[in-house]
Amino acid sequence: MTSTTPSGIRRRTVLSIAGTGTLGVLAGCTSASSDEDGSTERDDSDAEEGETDDEPLTDYEYTAPPQLVDLADQGYESTLRTVPARHELVTEAGSGGPVELPEVWAWQTDNLEPSVPGPIYRMTEGDTFELTYDNSEHNRPHTVHVHAVGKTWADDGAPVTNREYVGPGESHTYTLHADVPGTHVYHCHYQTHNHLDMGMYGILRVDPDGYEAPDREYFLTLRDWDTRLHDREAGGGADYSPSDRSSDAYTINGRSAPTTFHPELGSPLIVSEGETMRIHLANNGYESHPFHTHGHRFTVVEKDGSVVPEAAQYEEDVINIAPAERYTIELEANADPGIYPAHCHKVHHVTTEDRYPGGMATAIVYEEAMDTEEFGEIMSDAGYDG
């Protein structure tokens, strides 16, 4: 059974990021009419007799957390698809859950599960990557546009200028050159105002030649959502227009607090006292997000693929991230070992269905504090019993 909030978020009644460290990878019968991009919308007047708003809009499988894909391990080749799926902002086991989007268009790479965000691709400066987009699982045209890195005009993935897109049942191989080191975003650039919003975004990481990894490294994608779009695309009755877009859900790596604190489904920043942590931040949403860390000051070491000269680096504890911007920040785990919030400082972005705390919040978690009562309570709220 479901009910619909005014925002269009669907809630189920009971009847499932990527980082490196000791915990491993944390990562995630109707009639229809076609719109301008070949999409379909349900005509509610043709709904089956007896259908009500309390029934689930879709029965898709749920997304998984995004996974890190080391392209060197698979010969610098990968196949990417688009798969319709359901997506839990807050899982059923989380406090206040479940809160879900009834339909997203998730990226699926190779043999991994579909995810929102999509997989985190990783390669090294100077490498060449062949990304095949196979549009055999979806009924709309799509493209893959990758920021910053080298590619031909035909492989830019921007049909507004090159008139190239991948139609249903078609495929295209994009050749990408890792000539710009740094953290970059990728997304569908066909009818971007809807397709990116439906979940078709991810991160491509290009490590500089001779890159020295820190003790801990994490990738966080910030995202704001207008959930009416997802209700509409799933066949619900929400009224949505991109010119009247209004965010009502906020996520880190596709999850809202308290699920963001879940070590397997969310994005807690696990660290041990004295270690160095590097966090790659990307904004794939519409709004800017001032990212703030409690108890720690950080330095910005990269922005949009450019290394920040050491002379220009300084300590700070909040950085505003505009849409499509990417920052890499570095900090030392030199605070009193504990659990420290890391969140957007637009406070209404730290809510889930008007409940605070929620939304765009996670935490820096010291391993030394993981046997405390406070940590146990946080994990209970997140629905983690491991």
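The notes below deal with the structure included here.

Rules used throughout
- Residues numbered from 1 in each chain as written.
- Predicted model: local features only at pLDDT ≥ 70, side-chain atom pairs only at ≥ 80, totals over all residues.
- Heavy atoms only, no water.
- Helix = DSSP H or I, 4+ residues; strand = E, 2+ residues; numbered from the N terminus.
- Polar contact = N/O pair within 3.5 Å; in protein donor to acceptor, adjacent residues only side chain to side chain.
- Phe/Tyr/Trp six-rings, centres within 6.5 Å; stacked < 30°, edge-to-face > 60°.
- Lys NZ or Arg CZ within 6 Å of the ring centre and 35° of its normal.
- Patch = residues over 30% accessible without salt bridge, like charges linked within 9 Å, V, L, I, M, F, W, Y side chains within 5 Å.
- Areas by Shrake-Rupley, 256 points an atom, 1.4 Å probe, with all protein chains shown as cover.
- Salt bridge = Lys/Arg side-chain N within 4 Å of Asp/Glu carboxyl O.
- Lys, Arg positive; Asp, Glu negative; His and termini not counted.
- Charge placed at Lys NZ, Arg CZ, Asp CG, Glu CD.
- Buried < 20%, exposed > 50% of the residue type's maximum accessible area, 1.4 Å probe, protein only.
- Core = buried A, V, L, I, M, F, W, Y, C linked by side-chain atoms within 4.5 Å.
- Contact = heavy atoms within 4.5 Å.
- Pairing = 2+ DSSP bridges.
- Axes fitted to C-alpha atoms, helices over the stretch in contact; angles between N-to-C directions.

With respect to the side chain of Thr63
And then number 1: Structurally, Thr63 is set in the loop between strand 5 (40-42) and strand 6 (68-70).
And then number 2: At 2.7 Å, the side chain of Thr63 forms a polar contact with the side chain of His87.

Re the packing of aromatic side chains
Remark: the centre distance and the inter-plane angle together describe each pair of aromatic rings, the angle taken between the planes.
And then number 1: The tally for this structure, following the rule as stated, stands at seven aromatic pairs.
And then number 2: Through a chain of ring-to-ring contacts, the aromatic side chains of Trp107, Tyr121, Phe129, Tyr133 and Tyr186 assemble into a single cluster.
And then number 3: The cationic tip of Arg223 hangs over the ring face of Trp225; the distance from NZ or CZ to the ring centre is 4.9 Å.
And then number 4: A cation over a ring is seen here: Arg245 above Tyr286, with NZ or CZ 3.8 Å from the ring centre.

A word on a negative patch on the surface
And then number 1: A cluster of acidic side chains, namely Glu373, Glu374, Glu377 and Asp381, defines a negative patch on the protein surface.
And then number 2: Locating Glu377 in the fold gives a position in helix 4 (residues 373-382).
And then number 3: Residue classification places Glu377 among the partly exposed positions, given a relative accessible area of 46%.

Quick word on the nonpolar core
And then number 1: Grouped together as the largest cluster of nonpolar side chains are 38 residues, with contacts concentrated most on Leu269, Met277, Ile279, Phe291, Ile364 and Tyr366.
And then number 2: The element contributing the most residues to this core is strand 25 (residues 361-366), with five residues.
And then number 3: Contact partners of Phe291, with chain neighbours within four places excluded, come to Leu220, Leu281, Phe298, Asp317, Val318, Ile319, Ile321, Ile329, Ala342 and His343.

Things to note about the sheet that holds strand 17 (residues 269-271)
And then number 1: The five strands are arranged 17-25-24-19-22 in an open sheet whose pairing can be described as mixed. Strands with a single pairing partner mark the edges of an open sheet, and in this sheet they are strand 17 and strand 22 (318-321). The mean angle between the axes of side-by-side strands here comes to 15°, regardless of whether they run parallel or antiparallel.
And then number 2: The pairing of strand 19 (residues 289-293) with strand 24 (residues 339-344) spans three bridges and is classified as antiparallel. Bridging across to strand 24, Phe291 finds its partner in Cys344.

Let's talk about unusual backbone geometry
And then number 1: Note the cis peptide between Ala257 and Pro258, where omega equals 15°.
And then number 2: Along the polypeptide, Pro258 turns up in the loop between strand 16 (249-252) and strand 17.
And then number 3: A cis amide bond, omega -5°, links Tyr356 with the succeeding residue Pro357.
And then number 4: Here Pro357 shows up in the loop between strand 24 and strand 25.
And then number 5: At Asp110, a position not held by glycine, the phi torsion is positive, near 50°.
And then number 6: Position of Asp110 relative to the elements: it lies in the loop between strand 8 (99-109) and strand 9 (120-124).
And then number 7: The class of Asp110 is partly exposed, set by a relative accessible area of 27%.
And then number 8: At Asp354, a position not held by glycine, the phi torsion is positive, near 70°.
And then number 9: Position of Asp354 relative to the elements: it lies in the loop between strand 24 and strand 25.
And then number 10: Owing to a relative accessible area of 75%, Asp354 belongs among the exposed residues under this scheme.

Quick look at the pairing of strand 23 (residues 326-332)
And then number 1: Across the seven residues that make up strand 23, a large majority, five, are buried.
And then number 2: By the bridge criterion, seven bridges tie strand 18 (residues 276-283) to strand 23 in an arrangement that is antiparallel. Note on strand 23: the bridge partner recorded for Leu281 is Tyr327.
And then number 3: Where strand 20 (residues 299-303) meets strand 23, four bridges bridge the pair, whose relative direction is antiparallel. Its bridge partner lying in strand 23, Glu302 is registered against Thr328.

Observations regarding the environment of Glu302
And then number 1: Within the secondary structure, Glu302 is located in strand 20.
And then number 2: Judged by relative accessible area, which is 8%, Glu302 ranks as buried.
And then number 3: With 27 residues separating them in the primary sequence, Glu302 and Ile329 have C-alpha atoms 7.2 Å apart.
And then number 4: Not counting residues up to four positions away in its chain, the partners in contact with Glu302 are Gly182, Thr183, Arg205, Pro208, Val307, Val308, Arg326, Tyr327 and Thr328.
And then number 5: Here the side chain of Glu302 touches Arg205 through a polar contact of 2.8 Å, side chain to side chain.

Details of the sheet that holds strand 6
And then number 1: Taken in spatial order, the five strands line up as 6-9-14-13-11 in an open sheet, and their pairing is mixed. Looking along the sheet, the strands with just one partner apiece sit at the ends: strand 6 and strand 11 (145-146).
And then number 2: Where strand 11 lies against strand 13 (residues 182-187), two bridges are found, and the strand directions are antiparallel. Within the sheet, the bridge partner assigned to Val146 lies in strand 13 and is Tyr186.

Side note on the pairing of strand 20
And then number 1: Among the five residues of strand 20, four are classified as buried, and the element is accordingly described as predominantly covered.
And then number 2: Taken together, the two bridges between strand 20 and strand 21 (residues 306-307) define a ladder with antiparallel strand orientation. Of the residues in strand 21, the one forming a bridge with Lys303 is Ser306.
And then number 3: Connecting strand 20 to the antiparallel partner strand 21 that follows it, the hairpin turn spans two residues, and Asp304 within it adopts a positive phi of roughly 50°.

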